[in-house]
Amino acid sequence: MSLRELTGEQRRQFIDTQQVYEAWLSAEAERMRRFAGSMRWVERNGADYLLRKIRQAETSLGLRSQETEKAFAAFSEGRDLNKDLLAGLSARLDGLAKVNVAMGLGRVPAIAARILRRCAETNLLGKQLLVVGTNSLFAYEALAGVQISSGLVATGDIDLLFDSRRRISFVTSEKISQSGLIGILRKVDKSFRPLQPRAFRATNRDGYLVDLIRPQARNVLGDRSPASITSIADDLEGAPIDGLQWLINAPKTDGIAIDERGYPVKIPTIDPRVFALHKAWLARRPDRSAVKASRDREQSEAAALIAEQYLKLPMDEDEEYLAAFPAALREARSTLAPHNPPGLSEDAPIEPDW
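Every value quoted in this text rests on a predicted model; they were computed, and no experiment measured them. (Residues numbered from 1 in each chain as written. Predicted model: local features only at pLDDT ≥ 70, side-chain atom pairs only at ≥ 80, totals over all residues. Heavy atoms only, no water.)

K.L.:
What exactly am I supposed to notice about the overall build of the protein chain here?
P.N.:
Counting its secondary structure elements, the protein chain contains 12 helices and 13 strands. Here the protein chain holds 354 residues, and the buried ones make up 43% of them. Relative to all contacts within the protein chain whose residues are 6 or more apart in sequence, the contacts with residues 24 or more apart total 71%. (Helix = DSSP H or I, 4+ residues; strand = E, 2+ residues; numbered from the N terminus. Buried < 20%, exposed > 50% of the residue type's maximum accessible area, 1.4 Å probe, protein only. Contact = heavy atoms within 4.5 Å.)

Here is the structure:
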């Protein structure tokens, strides 16, 4: 298997980028939590009132007083400091991005990274939505400090797993209720369209696909779980697929990967061991095409290798971890070959790319 470890220089650059991005995420979260909207003084009936506006709602914080003046000053000063911090971190990320590309660290398709960042803005990502499928491998690469051969991670789509069990928060609902998931996609690329009304798949003019999938209920006819995030007519509706219940119930993880343009993106996904077992199970299904089954096996091996050798996550058949999973997944473990830490692949070039 072609799996390459990052060099020392690449690791340092990767860590620097991740740390700056985490600082940016923290500052952005503070902006949304403490400094969203605006404050202003308004004169009414000869008295000054402090008003706070968030989106379309404006509320009064009371008459001008020592307390309200302190609140206004703290808000204004804090917002300016936060804005300055975000501007500095953004400039730093711009500089790091160019170096990341030059050092070969850019991995995630730019369109996928933009979609994930937009989903994160609505608080959906990591809660109602999880990344599954090929794009999960980018998170595992980032966690382990390795790169999988490009053929195994090449993809023209992204699979988003919808967990309808979780109640959508008021904040999330407010951000997405007007446009739905399809509206989020159109903020990334206006050409995104569902293939048909209430379809599970959307595509843009470049043919990039976004699939919304969900677990298939045991009682298909009695399935009452929500199929879509909103009731908007042209929003995506999750396709029920057998075997996804295991992924919904699996432990979760996330990794900060780097996209093709050199910018970081957080990818919430499932534990790599579950990914490996699920892919091995898919490869054994009689209704799986030979081409897909072969790719499933290779991706399963890659995830298992990363889990065992780099992340030190046990995958032995007698481990308590595996005992919690259905027999079908545990049996798939036997199809995975023993792993040894990789070095340079046999087809690695012995001359620079002059």
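K.L.:
Help me understand the pairing of strand β3 (residues 47-54) in this model?
P.N.:
As a general feature of sheets, a regular strand has side chains that alternate between the two faces. Both strand β2 (residues 38-44) and β3 contribute to a ladder of 7 bridges, which runs antiparallel. Counted as the bridge partner of Glu 43 is Asp 48 from β3. Pairing between β3 and strand β4 (residues 57-63): 6 bridges, direction antiparallel. Residue pairing in the sheet places Leu 50 in a bridge with Gly 62 of β4. Taking the residues between adjacent antiparallel strands as the criterion, β3 and β4 are bridged by 2 residues, where Arg 55 takes a positive phi near 55°. (Pairing = 2+ DSSP bridges.)

K.L.:
Looking at this structure, how should I read the nonpolar core?
P.N.:
In globular proteins that are soluble, nonpolar side chains generally tend to be buried together. Membership of the largest hydrophobic core comes to 73 residues, with the highest contact counts inside it found for Leu 129 and Ile 267. Apart from residues no more than four positions distant in its own chain, Leu 129 is found in contact with Cys 119, Leu 124, Leu 160, Leu 161, Phe 162, Leu 181, Leu 212 and Ile 229. Formed by 8 residues, the second largest nonpolar core is a distinct cluster that contains Ala 27, Leu 86, Leu 89 and Ile 256. (Core = buried A, V, L, I, M, F, W, Y, C linked by side-chain atoms within 4.5 Å.)

K.L.:
In this structure, what is going on with the pairing of strand β12 (residues 252-258)? I would like to understand it.
P.N.:
Of the pairings in the sheet, the one linking β12 to strand β13 (residues 264-270) comprises 7 bridges and is antiparallel in character. If you follow Ala 257 over to β13, its bridge partner there is Val 265. Between the end of β12 and the start of β13, which pair antiparallel, lie 5 residues, with Gly 262 showing a positive phi angle near 95°.

K.L.:
What exactly am I supposed to notice about the packing of aromatic side chains here?
P.N.:
The geometry of an aromatic ring pair is captured by the separation of the ring centres together with the interplanar angle, meaning the angle of the planes. Applying the stated criterion to the full structure yields 5 aromatic pairs. Plain terms: the ring middles of Tyr 21 and Trp 24 are 6.4 Å apart, the flat faces sit at 10° to each other, and that makes the pair stacked. Of this pair, Tyr 21 and Trp 24 are both found in helix α1 (residues 8-34), 3 residues apart, which corresponds to roughly one turn of the helix. A relative accessible area of 8% places Tyr 21 in the buried class. Note that Arg 64 overlies the ring of Trp 41, its terminal NZ or CZ placed 3.9 Å from the centroid. (Phe/Tyr/Trp six-rings, centres within 6.5 Å; stacked < 30°, edge-to-face > 60°. Lys NZ or Arg CZ within 6 Å of the ring centre and 35° of its normal.)

K.L.:
Any chance you could explain the pattern of salt bridges here in plain terms?
P.N.:
In total, this model carries 16 salt bridges according to the counting rule given. Salt-bridge contacts for Arg 34 lead to Glu 30; the nearest nitrogen and oxygen are separated by 2.9 Å. One end of the pair, Arg 34, and the other, Glu 30, are both in helix α1, 4 residues apart, so they sit about a helical turn from each other. The exposure class assigned to Glu 30 is partly exposed, which follows from its relative accessible area of 24%. (Salt bridge = Lys/Arg side-chain N within 4 Å of Asp/Glu carboxyl O.)

K.L.:
Got a minute to help me understand helix α3 (residues 110-121) in this structure?
P.N.:
Every α-helix carries 3.6 residues per turn, so stepping three or four residues along brings you back to the same face. Here α3 spans 17 Å end to end across 12 residues, near enough to the 16 Å set by a 1.5 Å rise per residue. The set of residues buried in α3 consists of Ala 110, Ile 111, Ala 112, Ala 113, Ile 115, Leu 116 and Cys 119. Each element contacted by the buried residues of α3 is listed here: β5 (129-132), β7 (157-162), α7 (180-188), β10 (209-215) and β13. With its phi angle positive at about 70°, Asn 123 sits one or two positions after the end of α3. (Expected span 1.5 Å × (residues − 1).)

K.L.:
How should I be thinking about unusual backbone geometry in this particular structure?
P.N.:
Backbone phi values are negative for most residues with the exception of glycine, while trans is the configuration of most peptide bonds. One non-glycine residue, Asn 123, lies in the positive phi region at around 70°. Asn 123 gets classed as partly exposed once you look at its relative accessible area, which sits at 25%.

K.L.:
Looking at this structure, I do not really get the packing of helix α9 (residues 272-284) against helix α10 (residues 290-310). What am I missing?
P.N.:
Two measures define how a pair of helices packs: the angle their axes make with one another and the distance between the axes. Interhelical geometry of α9 versus α10 gives an angle of 155° and a closest axis separation of 8 Å. In terms of their interaxial angle, α9 and α10 are classed as roughly antiparallel. You can see that α9 and α10 cross each other, and the crossing is left-handed. Packed against α9, whose contacting residues are Pro 272, Arg 273, Phe 275, Ala 276, Lys 279, Ala 280, Leu 282 and Ala 283, the element α10 presents Ala 293, Asp 296, Arg 297, Gln 299, Ser 300, Ala 303, Ala 304 and Ala 307 at the interface. Across the contact of α9 with α10, the residue classes break down as 10 nonpolar, 2 polar and 4 charged. (Axes fitted to C-alpha atoms, helices over the stretch in contact; angles between N-to-C directions. Parallel < 35°, antiparallel > 145°, perpendicular 65-115°, else oblique. Left-handed = near helix turned anticlockwise from the far one by under 90°. Nonpolar A, V, L, I, M, F, W, Y, C, P; charged D, E, K, R; others polar.)

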